[in-house]
Amino acid sequence: METQMYGTKEEQENAIRYYDKLSVLYDYISNWYYKKARNYAIKELQLKNGQTVLNVPCGTGVNFKYFNEYLNNTGLIIGIDLSSGMLDKVKQKIEKNGWTNVKIELNNATKIDQNWLDYRDEQIIIDSVFCDLGLSGLPEWRNIIDNMISILKPNGRIVILDWYLEKPSLKGDFGKWIGKGEVDRPIYQYLETKVSNFKVDDSFNYGGVFVASGSKPE
Ligand SMILES: C[S@@+](CC[C@H](N)C(=O)[O-])C[C@H]1O[C@@H](n2cnc3c(N)ncnc32)[C@H](O)[C@@H]1O
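Per an unreviewed UniProt entry, the chain goes by Methylase involved in ubiquinone/menaquinone biosynthesis and derives from Galbibacter orientalis DSM 19592.

Below, the structure is given as structure tokens:
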């Protein structure tokens, strides 16, 4: 039975306060603990020069240097997060690396939908979306997956990196503590019903962490 938590306004606010405070430490933890899964996931985005990748939630922007290895600093990286502390870390990275192809936005992942895309100042085509370690902690996670697919170009890529453990365990407790989310949501199982070319590898971190990917059906 899927756990329903982190759905209320108060739970969300608590999670954001936690990330605001943890932003410095989180940057290192997220890069180190999930490195193998992250490298694999980013490869699955199939990024090419000049493309646009949307990262929700982007946290401290730990992925951005890896995106740019594929984009060669071309195209556009859009990062969305609700924690200003996490986004401050991204700003430092943008400045340090001199990236000119990164845009960040303080926004709620639940608000990123077709309207958000249609009413932006500039017209953009989303080639790929990366949701890493977000859906396990976000409310309305199925809607978020639906919205992410809806704003992708036809055949665009969606890649999700997250936790899935069917039964309670110590490892699951660690995942819940570090990520302030749940570990038993059937995220990749839901994705499978929505995309073509679905693929999942759930062997990362000795099991518990998965990378799932697929393409928007044409
Ligand atoms: C576990 S971290 C993952 C960050 C990043 N993707 C990574 O892997 O390092 C979860 C992130 O979700 C953000 N977050 C939580 N609720 C959110 C919401 N409703 N909308 C956007 N971001 C949210 C937090 O601020 C935090 O940065």
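Back to the text.
What follows deals with the environment of Gln46. With respect to the secondary-structure elements, Gln46 resides in the loop between helix 2 (35–44) and strand 1 (52–55). For Gln46, a relative accessible area of 41% puts it in the partly exposed group. For the pair Gln46 and Ser215, spaced 169 residues apart in sequence, the C-alpha to C-alpha distance is 11 Å. Setting aside anything within four residues of it in sequence, one finds Gln46 in contact with Gln51 and Arg157.

This paragraph deals with empty space enclosed by the protein. The full count for this structure, using the stated rule, is two cavities of 30 Å³ or more. Looking at the largest cavity, its volume works out to about 370 Å³. Going through the elements one at a time, helix 1 (9–33) and strand 2 (76–81) are the ones with two or more residues in the lining of the largest cavity. The biggest single contributor to the lining of the largest cavity is helix 1, with six residues. Looking at the lining of the largest cavity residue by residue, the class counts come to 14 nonpolar, nine polar and four charged. By volume, the second largest cavity is sized at about 60 Å³. Along its surface, the second largest cavity is lined by Tyr26, Tyr34, Leu133, Ser136, Asp162, Trp163, Gly175, Gly179, Gly181, Glu182 and Val183. Along the lines of polarity and charge, the residues of the lining of the second largest cavity split into five nonpolar, four polar and two charged.

What follows deals with the layout of surface pockets. Put simply, the largest pocket is a space of about 270 Å³. Lining the largest pocket are Asp27, Tyr28, Asn31, Gly61, Val62, Lys65, Lys89, Gln92, Lys93, Lys96, Asn97 and Trp99. Counting residues per element, the ones that place at least two in the lining of the largest pocket are helix 1 and helix 4 (84–97). Taken together, the residues of the lining of the largest pocket sort by class into three nonpolar, four polar and five charged.

We now examine the packing of helix 1 against helix 7 (residues 170–179). Packing of helix 1 against helix 7 leaves a shortest axis separation of 10 Å and a crossing angle of 130 degrees. With respect to their mutual orientation, helix 1 and helix 7 come out oblique. Here Tyr18, Tyr19, Tyr26, Ile29 and Tyr33 of helix 1 come into contact with helix 7, specifically with Lys171, Phe174, Trp177, Ile178 and Gly179.

What surrounds the ligand is a group of 20 residues, the closest being Gln12, Ser30, Pro57, Asp81 and Asp132. In this structure, Gln12 approaches the ligand through a side-chain N or O atom, which is 2.7 Å from a nitrogen atom. At 3.0 Å from an oxygen atom of the ligand is found a side-chain nitrogen or oxygen belonging to Arg38. Considering the ligand on its own, with 590 Å² of exposed area, one finds that the protein chains cover 98% of that surface. With respect to the detected pockets, the ligand is housed in the largest cavity. Among the elements that take part in the shell around the ligand, helix 1 stands out by supplying five residues, more than any other. Of the residues that constitute the shell around the ligand, the class distribution is eleven nonpolar, six polar and three charged.

The rules behind these values
Residues numbered from 1 in each chain as written. Predicted model: local features only at pLDDT ≥ 70, side-chain atom pairs only at ≥ 80, totals over all residues. Heavy atoms only, no water. Helix = DSSP H or I, 4+ residues; strand = E, 2+ residues; numbered from the N terminus. Buried < 20%, exposed > 50% of the residue type's maximum accessible area, 1.4 Å probe, protein only. Contact = heavy atoms within 4.5 Å. 1 Å grid on protein atoms, 1.4 Å probe; cavity = no way out; pocket = protein on both sides within 12 Å on 5 of 7 lines; lining within 4 Å. Points joined across faces, edges and corners; volume = space filled by probe spheres on them. Nonpolar A, V, L, I, M, F, W, Y, C, P; charged D, E, K, R; others polar. Axes fitted to C-alpha atoms, helices over the stretch in contact; angles between N-to-C directions. Parallel < 35°, antiparallel > 145°, perpendicular 65-115°, else oblique. Near = heavy atom within 4 Å. Polar contact = N/O pair within 3.5 Å; in protein donor to acceptor, adjacent residues only side chain to side chain. Areas by Shrake-Rupley, 256 points an atom, 1.4 Å probe, with all protein chains shown as cover. Sits in = over half its atoms within 2 Å of the grid points.

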